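Structural characterization, general
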Amino acid sequence: MQAGIVGLPNVGKSTIFNALTAAGAASANYPFCTIEPNVGILPVPDERMGRIQKYIPTQKQIPAVVEIVDIAGLVRGASKGEGLGNQFLGNIRNVDAVLHVVRCFENADVVHVDGGVNPLRDIDTIDTELCLADMESVQKQVDRFGKRAKAGDKEAAAKMEVLEPVLKLLEAGKPARLLPGALTDENTKRALRDAGLLTGKPVLYVCNVDEKSAATGNAFSEAVAKHAAAEGAGCVVISGQVEAEVSELEADDRMAFLSELGLTEPGLNKLARAAYTLLGLQMYFTAGEKEIRAWTIPVGAKAPEAAGVIHTDFEKGFIRAEVFTLSDLEQYKSEAGLKAAGKLRVEGKEYVVQDGDIMHFRFNV
């Protein structure tokens, strides 16, 4: 599962990407500096690992991760091939969710491709280009499946039930993700995915503010937050400038620097957790003498699937899972205490794993 960082040129996408992945993506004050999509692995901080460590001492902690793709900046006319339009559209089509970086800072030294700073205009520019690209694609599908549906093809008729209202949305300049059930109903989600729609992907708006606004946000980010709330999307505020500086500091100096700015943690920690949720992911933990590790699974995954992310043999030969919760561990202090209190549960193949479960798997191959 990948989240793609998108936005207009010079909004700070690559600066943020560099800070969160230390992948060395190019960053400069001109459009299309990022030409090939850069992929980085972003750790997802979770304080629960430290709490587990208190009762199950271990040598190291390994957090969950999420894949982030830095995609070239889009410009007006991309749907018709302007700038790097075709390449941009192809790259965004391949990700599962979108982190839409919006410029919410003034800086005369950093040019804006459309003039002054106006985050809502910038959002509209990208939405419009993606809607135009989707509209062309959906119209072709409506023409194709419409004929089959009239001929009695039930599968084509089912597709038309989604494609026709989507086309109306797109013609009104609204993204497909605003279709009722687009992000919650499995059948609708599958239909949008099968249609290959750019605007059907879940979106998180990332407000890139200046240093003095890192803790509080500003009028620009407030406008974006209202826009996000109106369409049911998420919104986080970070300062790419601050995150770039933090990434270069020694660990002992980071918190002191952040504290001076009124921050309790790097903004990228918030972004990592929000991206994880945006992708429909959750984590469970394994804990032993060597390591405490967070494993990534889709929300709703059952025990064998969860076991399979450790090794395919675990899923193939799954027998049972031994499961306990962090709150019970904190109450009974050890796994021995959990067993004595009957809090170490034995779960089978139909068990739906809950976020934060601590698990041991029994398998046989």
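These numbers come from a predicted model, not from an experiment.

1. What to know about the overall build of the chain
Of the regular secondary structure elements, the chain holds 14 helices and 12 strands. Expressed as a percentage of contacts within the chain between residues at least 6 apart in sequence, the contacts between residues at least 24 apart total 68%. A total of about 17400 Å² of accessible surface is found on the chain, and carbon and sulfur atoms cover 50% of it.

2. Some points on the sheet that holds strand 5 (residues 97-103)
The strands that make up a sheet are held in pairs by hydrogen bonds between backbone atoms, and each pair lies either parallel or antiparallel. Here we have 6 strands laid out as an open sheet, ordered 2-4-1-5-6-7, and mixed in their pairing. Strands at the two margins of the open sheet, each flanked by one partner only, are strand 2 (38-44) and strand 7 (234-238). In this sheet, adjacent strand axes meet at a mean angle of 30° when their direction is disregarded. Two elements, strand 6 (residues 203-208) and strand 7, share 5 bridges in a ladder whose sense is parallel. Residue pairing for strand 7: C207 is matched across the bridge by V237. Helix 4 (residues 119-150) contacts strand 5 and strand 6 of the sheet and is inclined by roughly 145° relative to strand 5.

3. Structural notes on the packing of helix 8 (residues 240-247) against helix 9 (residues 251-260)
Where helix 8 contacts helix 9, the two axes come as close as 9 Å, and the packing angle between them is 155°. Taken together, the axes of helix 8 and helix 9 are roughly antiparallel relative to one another. In this structure, the crossing between helix 8 and helix 9 has a hand that is right-handed. Across the interface between the two elements, V242, E245, V246 and S247 of helix 8 pack against R254, F257 and L258 of helix 9.

4. A short note on the pairing of strand 10 (residues 318-324)
The side chains of a regular strand alternate, residue by residue, between the two faces of the sheet. Of all 7 residues in strand 10, 5 are buried; the element is thus mostly enclosed. Summarising the sheet, strand 10 and strand 12 (residues 358-363) pair through 6 bridges and their orientation is antiparallel. Looking at strand 12, one finds that A321 is bridged to F361. Here strand 10 runs beside strand 11 (residues 345-347); their pairing, made up of 3 bridges, is antiparallel. By the bridge assignment for strand 11, E322 is matched with V346.

5. Some words on the side chain of D46
The residue D46 is located in the loop between strand 2 and helix 2 (48-53) in this model. A distance of 2.8 Å separates the side chain of D46 from the side chain of R48, its partner in a polar contact. Discounting residues that sit within four places of it in the chain, D46 has contacts with M283 and F285.

6. Let's talk about the environment of R320
Tracing the chain through its elements places R320 in strand 10. Through-space distance from the C-alpha of R320 to that of Y351 is 9.5 Å; in sequence the pair is 31 residues apart. In contact with R320, other than residues within four places in its own chain, are V346, E347, H360, F361 and R362.

7. Some points on the state of the cysteines
As enumerated under the stated definition, the model contains 0 disulfides in all. As a non-bridged cysteine, C235 has C207 as the owner of its nearest cysteine sulfur, 3.6 Å distant.

8. Details of the packing of aromatic side chains
Under the definition given, this model contains 3 aromatic pairs. Of the aromatic side chains, those joined through ring pairs into one cluster are Y284, F318 and F361. Above the face of the F145 ring, K159 is positioned so that its terminal group lies 5.4 Å from the ring centre. Taking NZ or CZ as reference, R293 lies 4.3 Å from the ring centre of W295, over its face.

9. Concerning the pattern of salt bridges
Overall, the coordinates contain 16 salt bridges when judged by the stated rule. A salt bridge links D46 to R48, with the shortest nitrogen-to-oxygen separation between them at 2.8 Å. The exposure class assigned to R48 is buried, which follows from its relative accessible area of 16%. Between R345 and E347 there is a salt bridge, with the nearest N and O atoms lying 2.9 Å from each other.

10. Let's talk about the layout of surface pockets
The volume enclosed by the largest pocket comes to roughly 820 Å³. If you trace the largest pocket, you find 30 residues lining it, with M1, D96, K189, R193 and P202 closest to the centre. Sorting the residues of the lining of the largest pocket by element identifies helix 6 (186-194), helix 10 (267-278) and strand 9 (291-298) as the ones contributing at least two each. Take the lining of the largest pocket: its biggest share by element is 4 residues, from helix 6. Among the residues forming the lining of the largest pocket, the class breakdown is 16 nonpolar, 6 polar and 8 charged.

11. So, the confidence of the model for the chain
Overall, the prediction assigns the chain a mean pLDDT of 88, with 90% of residues at 70 or greater. In this model, residues 23-35 is a region of pLDDT below 50 whose contacts with residues beyond four sequence positions or in other chains number 33 contacts.

12. Description of the packing of helix 4 against helix 5 (residues 154-171)
As a packed pair, helix 4 and helix 5 sit with axes 9 Å apart at the nearest point and diverge in direction by 150°. By crossing handedness, the relation of helix 4 to helix 5 is classed as left-handed. Facing C131, D134, M135, V138, Q139, Q141, V142, F145, G146, R148 and A149 of helix 4, the residues of helix 5 in contact are A156, A157, K159, M160, L163, V166, L167, L170 and E171. In terms of residue class, the contact of helix 4 with helix 5 is built from 13 nonpolar, 3 polar and 4 charged.

Cut-offs used in this document
- Residues numbered from 1 in each chain as written.
- Predicted model: local features only at pLDDT ≥ 70, side-chain atom pairs only at ≥ 80, totals over all residues.
- Heavy atoms only, no water.
- Helix = DSSP H or I, 4+ residues; strand = E, 2+ residues; numbered from the N terminus.
- Contact = heavy atoms within 4.5 Å.
- Areas by Shrake-Rupley, 256 points an atom, 1.4 Å probe, with all protein chains shown as cover.
- Pairing = 2+ DSSP bridges.
- Axes fitted to C-alpha atoms, helices over the stretch in contact; angles between N-to-C directions.
- Parallel < 35°, antiparallel > 145°, perpendicular 65-115°, else oblique.
- Left-handed = near helix turned anticlockwise from the far one by under 90°.
- Buried < 20%, exposed > 50% of the residue type's maximum accessible area, 1.4 Å probe, protein only.
- Polar contact = N/O pair within 3.5 Å; in protein donor to acceptor, adjacent residues only side chain to side chain.
- Disulfide = S-S within 2.5 Å.
- Phe/Tyr/Trp six-rings, centres within 6.5 Å; stacked < 30°, edge-to-face > 60°.
- Lys NZ or Arg CZ within 6 Å of the ring centre and 35° of its normal.
- Salt bridge = Lys/Arg side-chain N within 4 Å of Asp/Glu carboxyl O.
- 1 Å grid on protein atoms, 1.4 Å probe; cavity = no way out; pocket = protein on both sides within 12 Å on 5 of 7 lines; lining within 4 Å.
- Points joined across faces, edges and corners; volume = space filled by probe spheres on them.
- Nonpolar A, V, L, I, M, F, W, Y, C, P; charged D, E, K, R; others polar.
- pLDDT = per-residue confidence, 0-100.

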